[in-house]
Protein chains: 2
Amino acid sequence: MDIKRLEEVFRQHNLKVTPQRIAIYQELINSSEHPSAINIYERIKAQYPNISLDTVNRTLLTFAEIGLVRIVEGRGDPKRFDPNLHPHHHFRCIKCGKIIDFYNEEYDALDVPSTLKDRFIITSKRVNLEGICDECQTRSD
Amino acid sequence: MDIKRLEEVFRQHNLKVTPQRIAIYQELINSSEHPSAINIYERIKAQYPNISLDTVNRTLLTFAEIGLVRIVEGRGDPKRFDPNLHPHHHFRCIKCGKIIDFYNEEYDALDVPSTLKDRFIITSKRVNLEGICDECQTRSD
DNA sequence: TGCTAATTAGGAGTGAATCCTATATATTGC
DNA sequence: GCAATATATAGGATTCACTCCTAATTAGCA
Ligand SMILES: [Mn+2]
Ligand SMILES: [Mn+2]
Ligand SMILES: [Zn+2]
Ligand SMILES: [Zn+2]
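Residues numbered from 1 in each chain as written. Chains lettered and ligands numbered in written order. Predicted model: local features only at pLDDT ≥ 70, side-chain atom pairs only at ≥ 80, totals over all residues. Heavy atoms only, no water.

> What's the story with the overall build of chain A in this structure? I'm lost.
For chain A, the count of helices and strands is 7 helices and 5 strands. When the helices and strands of chain A are read in sequence order from the N terminus, they spell out α-α-α-α-β-β-β-β-α-α-β-α. With the C-alpha coordinates of chain A rotated into their principal frame, the extents come out at 50 × 45 × 25 Å. Evaluated residue by residue, chain A yields a buried proportion of 45% over its 141 residues. In chain A, of all internal contacts separated by at least 6 residues, the share reaching a separation of at least 24 is 45%. If you sum the accessible surface of chain A, you get close to 7700 Å²; carbon and sulfur atoms cover 49% of it. Of the charged side chains in chain A, 20 are positive and 21 negative, and the gap between their average positions amounts to 6 Å. (Helix = DSSP H or I, 4+ residues; strand = E, 2+ residues; numbered from the N terminus. Buried < 20%, exposed > 50% of the residue type's maximum accessible area, 1.4 Å probe, protein only. Contact = heavy atoms within 4.5 Å. Areas by Shrake-Rupley, 256 points an atom, 1.4 Å probe, with all protein chains shown as cover. Lys, Arg positive; Asp, Glu negative; His and termini not counted. Charge placed at Lys NZ, Arg CZ, Asp CG, Glu CD.)

Quick look at the structure:
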């Protein structure tokens with residue numbers, strides 16, 4: 001998503017176009033490891049030495065609210081953010097915490113059981129795999 | 001799982017059989033809403049007024065390590081624990097945080113893509129649905 | 001029954017997230 | 001462009017969920 005389009009999205013949601021918001025989004029799409037708010041905060045300080053963690057965090061949560069990013073599913077540790085809105089799934093390493101995207105049409109096409117569809121509004125369906133990544137297997141040999 | 005079997009499991013893992021461990025496990029299987037450590041702590045204080053949160057938390061994490069419970073996947077808020085080890089999946093309400101079990105053989109039978117199987121050791125495969133539960137739909141009408 | 005290593009209670013410490021509020025700024029209407 | 005104003009931000013305080021520390025307790029074993 002280019003900046004023009006990003007600014008449009010902000011305006012569509014009555015969010016002011018601020019340099020901080022743009023920088024935070026850019027930092028997020030420039031990283032592929034599903035960073036946390038603090039990751040983004042540390043990196044963005046090079047550009048904006050005075051930015052506050054609260055701004056980064058609040059902004060990322062706002063992005064999640066308007067559907068511009070997703071919060072990755074995990075097991076209770078710091079929230080990690082994902083700017084990739086294409087249907088995809090995750091593998092998470094239980095040793096090092098790395099989260100790797102993968103694409104799979106069978107998973108995308110899974111039906112939601114009608115007992116659930118009838119009772120709930122389903123807004124997200126993801127397959128999450130966990131295990132030990134290649135690097136961690138080597139490391140612990 | 002009855003207490004006899006639970007004590008066996010503890011011993012198999014060289015964990016001492018303590019009343020706290022048993023009480024924490026019982027409290028967990030008596031609840032179906034995937035409670036957090038603090039939920040369990042609050043409830044168990046009726047029985048053990050002096051139990052510490054650290055004990056509850058440490059014990060639940062130990063249980064997770066030996067595979068006696070699972071930590072539910074969520075979006076970064078307090079860890080929630082699940083004593084149900086049968087293959088099953090979760091629907092989580094994004095409004096009230098309720099987590100509901102469901103069983104689905106199609107989901108259980110999903111193949112892991114070989115590109116992942118070759119590279120990683122897969123220890124868990126779950127389908128997570130999110131959305132708005134029936135009660136929250138009514139409430140916000 | 002006594003020894004020893006594991007476990008616990010309770011308090012301190014940590015780190016992420018959130019709240020508070022004075023200041024700054026993007027947007028709107030002139 | 002300029003002023004008005006509603007929104008957003010910085011920075012510090014606070015909250016909350018853990019996590020660590022250590023002395024006292026206890027389970028398991030000889
Ligand atoms: Mn992703
Ligand atoms: Mn469950
Ligand atoms: Zn790893
Ligand atoms: Zn709900």
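Still more to cover.
> Before we go on, may I ask you to explain unusual backbone geometry in this structure?
Note: most peptide bonds trans; most residues except glycine with negative phi. All names here are of chain A. For N14, which is not a glycine, the phi torsion comes out positive at approximately 55 degrees. Relative to the assigned elements, N14 resides in the loop between α1 (3-12) and α2 (19-29). Judged by relative accessible area, which is 71%, N14 ranks as exposed.

> Whenever I open this one, the protein's contact with DNA strand C confuses me. Can you help?
Around DNA strand C sit 21 residues, and of these D54(A), T18(B), N50(B), T55(B) and R58(B) come closest. Counting only the atoms of DNA strand C within 4 Å of the protein, the fraction contributed by sugar and phosphate is 74%. Contact distances for DNA strand C include 3.1 Å between a phosphate oxygen and a side-chain N or O atom of N57(A). Looking at the surface near DNA strand C, the elements that each hand over two or more residues are α4 (53-65) of chain A together with α2 (19-29) and α4 (53-65) of chain B. Its residues assigned to classes, the surface near DNA strand C shows 7 nonpolar, 6 polar and 8 charged. (Near = heavy atom within 4 Å. Polar contact = N/O pair within 3.5 Å; in protein donor to acceptor, adjacent residues only side chain to side chain. Nonpolar A, V, L, I, M, F, W, Y, C, P; charged D, E, K, R; others polar.)

> I would appreciate a short explanation of the coordination of the zinc ion (ligand 4) in the present structure.
Octahedral metal centres with six donors ideally show angles of 90 or 180 degrees, and tetrahedral centres with four donors ideally show 109.5 degrees. Residues and elements named next belong to chain B. The protein atoms that coordinate the zinc ion (ligand 4) are C93 (SG), C96 (SG), C133 (SG) and C136 (SG), at distances spanning 2.2 to 2.3 Å. Because the angles between the 4 donor atoms bound to the zinc ion (ligand 4) fall within 106 to 117 degrees, the donor set is best described as tetrahedral. Here the donor residues of the zinc ion (ligand 4) are spaced in sequence according to C-x2-C-x36-C-x2-C. In this pair, C93 is assigned in strand β3 (residues 89-93) and C136 in helix α7 (residues 134-139), connecting sequence segments 43 residues apart. Residues C93 and C136 agree in their burial class; the two are buried. (Donors = N, O, S within 2.8 Å, 3.2 Å for Na, K, Ca; no water. Tetrahedral: all angles 85-135°; square planar, octahedral: opposite > 155°, others 65-115°.)

> Any chance you could explain the environment of Q47(B) here in plain terms?
Here Q47(B) lies in the loop between α3 (37-44) and α4. Every residue in contact with Q47(B), bar those within four places of it in the chain, is listed here: A23(B) and E27(B).

> Honestly, the relation of the copies chain B and chain A in this entry has me stumped. Any pointers?
What relates the two chain copies is a rotation about an axis together with a slide along it. When chain B is fitted to chain A, the best match, at an RMSD of 0.1 Å, comes from turning it 180 degrees and sliding it 0.0 Å along the axis. Accordingly, the operation relating the two chain copies is best matched by a two-fold axis. Most of the interface of chain B is mirrored in chain A: 100% of its interface residues are interface residues there too. (Least-squares fit on C-alpha atoms with pLDDT ≥ 70 in both.)

> What am I meant to see in α4(A) here?
Note: α-helices contain 3.6 residues per turn, so residues at a spacing of three or four share the same orientation. Residues and elements named next belong to chain A. When the terminal C-alpha atoms of α4 are compared, their 18 Å separation across 13 residues agrees well with the 18 Å that a helix rising 1.5 Å per residue should span. Looking at α4, one finds that the buried residues are T55, V56, T59, L60, T62 and F63. The buried residues of α4 all sit within an arc of 160 degrees when viewed along its axis, so they share a single face. (Expected span 1.5 Å × (residues − 1). Arc of directions from axis to C-beta.)

> How do you make sense of the interface of chain B and chain A when you look at a structure like this?
Accessible area lost upon the coming together of the parts is a frequently used measure of interface size. With 39 residues of chain B in contact, the opposing surface of chain A contributes 39 residues. On the chain B side of the contact with chain A, E73(B), R75(B) and F120(B) bury the most area, a combined 18% of that side's loss. Between R119(A) and D134(B) there is a salt bridge, with its nearest N and O atoms 2.7 Å apart. Where chain B packs against chain A, one counts 21 residue pairs in polar contact (both at pLDDT 80 or more). Mapped onto the side of chain B that touches chain A, the elements with two or more residues apiece are β1 (70-71), β3, β4 (99-102), α5 (105-108), α6 (114-119), β5 (121-132) and α7 of chain B. Of the residues that constitute the side of chain B that touches chain A, the class distribution is 18 nonpolar, 8 polar and 13 charged. Bridge count between strand β5 (residues 121-132) of chain A and β5(B): 11 bridges; the pairing is antiparallel. Bridge pairing links E130(A) to S124(B) in β5(B). (Buried area = accessible area lost by both parts, 1.4 Å probe. Salt bridge = Lys/Arg side-chain N within 4 Å of Asp/Glu carboxyl O. Pairing = 2+ DSSP bridges.)

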